Amino acid sequence: WDNADFSRGVGTTFYQEFSTLNTAKPPFVRDVEAKVQRYLRSSYSAAWTLKITWEKAPVYAARTDTRKTITYQAVLTTDGFRSYILMLYQDGGMQWDYTRLTSTNVLIGYT
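Each chain has its residues counted from 1, running along the sequence as written. Where totals are concerned, whole chains, interfaces and linings use all residues; where local detail is concerned, this predicted model gives features only for residues with pLDDT of at least 70, and gives and counts side-chain atom pairs only at 80 or more. Side-chain numbers here rest on the full set of heavy atoms in the structure, without hydrogens or water.

Going by what an unreviewed UniProt entry lists, the protein is known as MUC4 protein and is assigned to Notiomystis cincta.

Would you mind showing me how to read the overall build of the protein here?
Only DSSP runs of H or I with at least four residues qualify as helices, and only runs of E with at least two residues qualify as strands; both kinds are numbered from the N terminus onward. Along its length, the protein carries one helix and four strands. Mapped from its N terminus to its C terminus, the protein presents α and β elements in the order β-α-β-β-β. Within the protein, the proportion of its 111 residues that are buried is 34%. When contacts within the protein are restricted to residue pairs at least 6 apart in sequence, long-range pairs at least 24 apart make up 60% of them. Only carbon and sulfur atoms are counted for the fraction: they give 51% of the accessible area of the protein, which is about 7500 Å². Think of it in three bands: with a 1.4 Å probe and only protein chains considered, a residue is buried below 20% of the maximum accessible area for its type, exposed above 50%, and partly exposed in between. In this analysis, two residues are considered to be in contact whenever any of their non-hydrogen atoms come within 4.5 Å of each other. Note on areas: these come from Shrake-Rupley sampling with a 1.4 Å probe, and a residue is covered only by the protein chains present in the view.

Looking at this model, I keep getting lost on the sheet that holds strand β4 (residues 83-89). Mind explaining?
Neighbouring strands of a sheet are bound in pairs by backbone hydrogen bonds; such pairs are parallel or else antiparallel. With antiparallel pairing, the four strands of this open sheet are ordered in space as β1-β2-β3-β4. Here the strands that pair on one side only, and so sit at the sheet edges, are β1 (12-19) and β4. When strand polarity is set aside, the average angle formed by the axes of neighbouring strands in this sheet is 10°. Alignment of strand β3 (residues 69-78) against β4, held across seven bridges, turns out to be antiparallel. If you follow Tyr 72 over to β4, its bridge partner there is Tyr 89. If DSSP finds at least two bridges between two strands, the strands pair. A fitted line through C-alpha atoms represents every axis, and for helices the fit uses only the stretch in contact; the resulting angles, taken between N-to-C directions, go from 0 to 180 degrees.

I keep staring at the packing of aromatic side chains and nothing clicks. Help me out?
For any pair of aromatic rings, geometry is given as the distance between the ring centres together with the angle between the planes. Centre distance within 6.5 Å is the pairing criterion for rings of Phe, Tyr and Trp, where only the six-membered ring of Trp is used; planes under 30 degrees apart are then read as stacked, over 60 as edge-to-face, and the remainder as tilted. Taken as a whole and assessed by the stated rule, the structure comprises four aromatic pairs. With a centroid separation of 5.3 Å and an interplanar angle of 25°, the aromatic rings of Phe 18 and Phe 28 are classed as stacked. A residue pair is termed long-range when its members are at least 10 positions apart, and Phe 18 in strand β1 and Phe 28 in helix α1 (residues 27-40) qualify at ten residues. Residue Phe 18 is classed as buried on the basis of its relative accessible area, which comes to 9%. Centroid distance Tyr 44 to Tyr 84: 5.2 Å. Interplanar angle 85°. Geometry classified as edge-to-face. In this pair, Tyr 44 is assigned in the loop between α1 and β2 (48-58) and Tyr 84 in strand β4, connecting sequence segments 40 residues apart. We classify Tyr 44 as buried; its relative accessible area is 4%. Consider the ring centre and the ring normal. A charge sits over the ring if Lys NZ or Arg CZ is within 6 Å of that centre and within 35 degrees of that normal. Positioned above the aromatic ring of Phe 28, the side-chain terminus of Lys 51 is 4.4 Å from the ring centre.

Help me out: how do you make sense of the side chain of Glu 33 in this one?
Topologically, Glu 33 is positioned in helix α1. Residues in contact with Glu 33, not counting those within four places in the same chain, are Lys 25, Tyr 44, Ser 45 and Ala 46.

Whenever I open this one, the pairing of β2 confuses me. Can you help?
Working note: regular strand, side chains alternate between the two faces of the sheet. With eight bridges joining them, β1 and β2 adopt antiparallel strand pairing. If you follow Tyr 15 over to β2, its bridge partner there is Ile 52. Here β2 runs beside β3; their pairing, made up of nine bridges, is antiparallel. Each bridged residue has a counterpart across the sheet, and for Leu 50 the counterpart in β3 is Leu 76.

Take a look at the structure:
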């Protein structure tokens, strides 16, 4: 795991909230529900979902290299009782050059 650095004007972070408690669910939320149901073998109906996208994020410290960027998402979802997070990475995974990072014990995911 490492930090992204947007201080050089490279990359974007944006989010989209889906409150679906009493409304029709858009395809994105239905896809999240299907993933939770599939991977956890559980019935699940989302009441709220948040999608956060880091697009073309450069590694910290961006002052040294802004050419290698990555795009990834965190999707938080809850039915009001259970909550889940999906970590989604661009095809090919982490594109940062881990040999140039401050720490070389790099992980993809969360603890």
